[in-house]
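Chains, contacts and geometry: an overview
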Amino acid sequence: MVVDMNSGRLIGEVTGISGAHGTALVPGTGHGFATSGNDSSIVMFDLKTYKTLARIPAAEDADAIIYDPASKRIFSFNGDANSSTVVDPHTGTLVTNVPLGGKPEYGQSARNGKVYVNLTDSSQIAEIDTKSLTVTRRWSTAPCKNPVSMAIDTRHRRLFSGCRSGVMAISDYKNGTVVATVPIGRGVDGAGYDPRLRDAFASNVDGTLTVIHQDSPDSYRVTQSLQTGEGGRNMGLDPASSRIYIAAAKFGPAPTDSTAANPRRRPPMIPGSFTVIVVEPIGSH
């Protein structure tokens, strides 16, 4: 779904995506890319017409996806395949698959020839060199376990990893060390960092947005736990306006076999209940 950020109006749709997870835009090419996790592919689409231009083979459980402006390449993070698929955004062709040695979730570009990604099964962060397309370093996020979401502060060289263990771990990615942890809500899946306000954010499945202020590169404190909406665990941050956009919906009862037979099954979304919640920074009006 393509939505006007100011009016909230639906202006288009990109179809043919089976198991949508992430989107990456490359304005200079006129192309956008979306992971289609159920068929292990990446869909390339036109940013003006929203029509599908190509379907690029990725790997099992293609999930988060980012654009790295330093290498001018797309990186998807494939959870079950333990890899990252690299794509040329101009031609829409596969470059290679990078083995990560663990189950990736979200990643970020440092814009300096390095891409960082959370490895949730081993509670680590892996560093990918975008020239050699290999993992060059990794470090532990302990005491944070199961890191999923990630945001970045390139000025101070800090990564913010939202962890399912209920904390956010802040790493110094130059030295490869965790410098601080702060408590966040339950079931995090999104993160952001606003360099103007020096605030980090964690969006959580319990319907909260944890707001964390950066007093210094190594010192952080929770300033607010904002109630958002049911299941509001995915977010986007607009750095120009400091607005946060959170996807939320109402859900029915959990499937009876969700715990034993198939623990990954989720409660069904109630049709017509999907909303985008807009969070304005304090003092913006």
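Residues numbered from 1 in each chain as written. Predicted model: local features only at pLDDT ≥ 70, side-chain atom pairs only at ≥ 80, totals over all residues. Heavy atoms only, no water.

Let us look at a nonpolar patch on the surface. Together, Met 1, Val 3, Leu 10, Phe 251, Met 269, Phe 274, Val 276 and Val 278 make up a nonpolar patch on the protein surface, roughly 690 Å² of accessible area in all. Within the fold, Met 1 resides in the segment before strand S1 (2-3). Its relative accessible area of 60% is what places Met 1 among the exposed residues. (Patch = residues over 30% accessible without salt bridge, like charges linked within 9 Å, V, L, I, M, F, W, Y side chains within 5 Å. Areas by Shrake-Rupley, 256 points an atom, 1.4 Å probe, with all protein chains shown as cover. Salt bridge = Lys/Arg side-chain N within 4 Å of Asp/Glu carboxyl O. Helix = DSSP H or I, 4+ residues; strand = E, 2+ residues; numbered from the N terminus. Buried < 20%, exposed > 50% of the residue type's maximum accessible area, 1.4 Å probe, protein only.)

The strand order S7-S8-S9-S10 describes an open sheet built from four strands, whose pairing is antiparallel. Because the sheet does not close on itself, it has two edges, and the strands there are strand S7 (62-68) and strand S10 (93-99). With direction set aside, neighbouring strand axes in the sheet form an average angle of 25°. (Pairing = 2+ DSSP bridges. Axes fitted to C-alpha atoms, helices over the stretch in contact; angles between N-to-C directions.)

With respect to the element layout, His 213 can be found in strand S21 (residues 208-216). Polar side-chain contacts of His 213 include one of 2.8 Å to the side chain of Asp 199. His 213 has contacts with Leu 197, Arg 198, Asp 199, Ser 219, Tyr 220, Arg 221 and Thr 223, leaving out every residue within four places of it along the chain. (Polar contact = N/O pair within 3.5 Å; in protein donor to acceptor, adjacent residues only side chain to side chain. Contact = heavy atoms within 4.5 Å.)

If you look at the biggest cluster of nonpolar residues, it comprises 15 residues, and the most contacted ones within it are Phe 160, Met 168, Ile 170, Ile 212 and Tyr 220. Top contributing element to this core by residue count: strand S19 (residues 188-194), with three residues. With near-sequence residues (within four places) excluded, Met 168 lies in contact with Phe 160, Ser 161, Gly 162, Ala 180, Thr 181, Val 182, Ile 184, Ala 191, Ala 200, Phe 201, Ala 202 and Ile 212. (Core = buried A, V, L, I, M, F, W, Y, C linked by side-chain atoms within 4.5 Å.)

Turning to the pairing of strand S12 (residues 114-119), a few remarks are in order. Burial runs high along S12: five of the six residues are buried. Judged from the four bridges that link them, strand S11 (residues 104-109) and S12 form a sheet pairing that is antiparallel. When the sheet's bridge partners are listed, Gly 107 is paired in S12 with Val 117. Counted between consecutive antiparallel strands, the loop separating S11 from S12 contains four residues, among which Arg 111 sits at a positive phi close to 65°. Looking at chain direction, S12 and strand S13 (residues 124-129) are connected through six bridges and run antiparallel. Residue Tyr 116 lies in a different strand from S13, and its bridge partner there is Glu 127. Adjacent in sequence and paired antiparallel, S12 and S13 are bridged by four residues, among which Ser 123 carries a positive phi angle near 55°.

Another aspect to go through is the sheet that holds strand S25 (residues 275-279). If you walk across this open sheet you meet the three strands as S23-S24-S25, and the pairing is antiparallel. The sheet is open, and its two borders are formed by strand S23 (234-238) and S25, each paired with just one other strand. Neighbour to neighbour, the strand axes of the sheet diverge by 25° on average, direction disregarded. Relative to S25, strand S24 (residues 243-248) runs antiparallel, the two sharing five bridges. Bridging across to S25, Ile 246 finds its partner in Ile 277.

For the rest of this paragraph, the subject is unusual backbone geometry. Cis geometry is found at the peptide bond from Ala 142 to Pro 143, where omega equals 10°. The phi dihedral of Tyr 50 is positive, around 65°, even though this residue is not glycine. Taking the relative accessible area as the measure of exposure, Tyr 50 reaches 17% and is therefore buried. Notably, Lys 72 is not glycine yet its phi reads approximately 55°, a positive angle. Within the secondary structure, Lys 72 sits in the loop between S7 and strand S8 (73-78).

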